[in-house]
Amino acid sequence: MQRILIIVLASAALGACETAGGQSTGPGPAYMPPSRGGPESFQESDFAWSQGSGAGSVDGVLAYRNGSARYACQDVVLAPETPWSRARMRILYLSTTQAAMPVDDVKSRTPPEHGAEYARYARHSSCDATGHFAFSGIPSGAWYVITVAAPVNGGMRMAVMRRVEIAGDNVKVMLR
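Residues numbered from 1 in each chain as written. Predicted model: local features only at pLDDT ≥ 70, side-chain atom pairs only at ≥ 80, totals over all residues. Heavy atoms only, no water.

Trainee: Explanation requested: the overall build of the chain in the structure shown.
Mentor: On a plain count of helices and strands, the chain comes out with five helices and nine strands. Reading the chain from its N terminus to its C terminus gives the helix and strand order α-α-β-β-β-α-β-α-α-β-β-β-β-β. For the chain, the proportion of its 176 residues judged to be buried stands at 49%. For the chain, contacts bridging at least 24 residues in sequence account for 81% of all contacts bridging at least 6. Here the chain has roughly 8200 Å² of accessible surface; of this, 53% comes from carbon and sulfur atoms. (Helix = DSSP H or I, 4+ residues; strand = E, 2+ residues; numbered from the N terminus. Buried < 20%, exposed > 50% of the residue type's maximum accessible area, 1.4 Å probe, protein only. Contact = heavy atoms within 4.5 Å. Areas by Shrake-Rupley, 256 points an atom, 1.4 Å probe, with all protein chains shown as cover.)

Given below as structure tokens:
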């Protein structure tokens, strides 16, 4: 179930880390689909660069906290940034750089268009018991790191996203 939710969220948007993310005050603005044929329309060719292998890697950890509550994650998504996915992040997370928002708020803004096609370009990793995750063989470019932070003792689950730039190097990411 957690993996399906992550895929849905990845299909909806993507990135949050080193600095504090935004807090939600409600579901936000209504979804408006990108114009057909415009710069933010879904173009398979925009994702082509992300399908290869590269020298980049991501070493990350979920460090999301809300008061004294502790959070854990399972699946982590790494999704390529394109004009379409950037617009999708803006819709889902009200940001294109980083955010931490209630999962229900993000789901309420999830556009239905191109979810399955978009999911084909996402890479997945798992968090270990300490919240660490890693990706390797990543081509240079901008990516979104996304996960769901689930409170260990129950409570509101948070969708956490952060944009990262990989340039053939190792990027350290702390999702907050």
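Trainee: Is there a simple way to think about unusual backbone geometry in this case?
Mentor: A negative phi angle characterises most non-glycine residues, just as the trans form characterises most peptide bonds. Of note, Leu 94 is a non-glycine position whose phi angle comes to about 60°, a positive value. Mapped onto the secondary structure, Leu 94 falls in the loop between helix H3 (83-93) and strand E4 (98-102). Leu 94 sits in the partly exposed class, given a relative accessible area of 44%.

Trainee: I'm lost on the packing of aromatic side chains in this one. Help?
Mentor: Aromatic ring pairs: the centre-centre distance and the angle between the two ring planes describe each pair. By the definition in use, this model includes nine aromatic pairs. Consider the rings of Phe 42 and Phe 47, whose centres lie 5.1 Å apart with planes at 35°: the pair is tilted. There is no split in this pair, since Phe 42 and Phe 47 are both buried. When the centroid spacing of 5.1 Å and the interplanar angle of 70° are considered together, the rings of Trp 49 and Trp 143 count as edge-to-face. Note that Trp 49 is positioned in the loop between helix H2 (44-47) and strand E1 (56-62) and Trp 143 in strand E7 (residues 141-151), a separation of 94 residues in sequence. The ring of Tyr 118 is capped by Arg 88, whose NZ or CZ atom sits 6.0 Å from the centre of that ring. (Phe/Tyr/Trp six-rings, centres within 6.5 Å; stacked < 30°, edge-to-face > 60°. Lys NZ or Arg CZ within 6 Å of the ring centre and 35° of its normal.)

Trainee: What should I look at first to understand the environment of Glu 113 in this one?
Mentor: With respect to the helices and strands, Glu 113 occurs in the loop between helix H4 (103-108) and helix H5 (115-119). Expressed as a C-alpha distance, the spacing of Glu 113 and Phe 42, which sit 71 residues apart in the sequence, is 8.9 Å.

Trainee: What exactly am I supposed to notice about the state of the cysteines here?
Mentor: Disulfides are covalent bonds that connect the sulfur atoms of two cysteines. Summed over all chains, the structure comprises one disulfide. Across the disulfide, Cys 73 is cross-linked to Cys 127 (sulfur-sulfur distance 1.8 Å). Every disulfide takes its handedness from the sign of the S-S torsion; for Cys 73 and Cys 127 that torsion is -85°, giving left-handed. With Cys 73 in the loop between strand E2 (71-72) and strand E3 (75-80) and Cys 127 in the loop between strand E5 (123-126) and strand E6 (132-138), this pair connects stretches of sequence that are 54 residues apart. (Disulfide = S-S within 2.5 Å.)

Trainee: Looking at this model, I keep getting lost on the confidence of the model for the chain. Mind explaining?
Mentor: Keep in mind that low pLDDT regions are not for reading the predicted coordinates in detail. Model confidence for the chain is summarised by a mean pLDDT of 83, while 78% of its residues fall at 70 or above. Segment residues 1-35 is flagged for pLDDT under 50; beyond a separation of four residues in sequence, or across chains, it makes 117 contacts in the model. (pLDDT = per-residue confidence, 0-100.)

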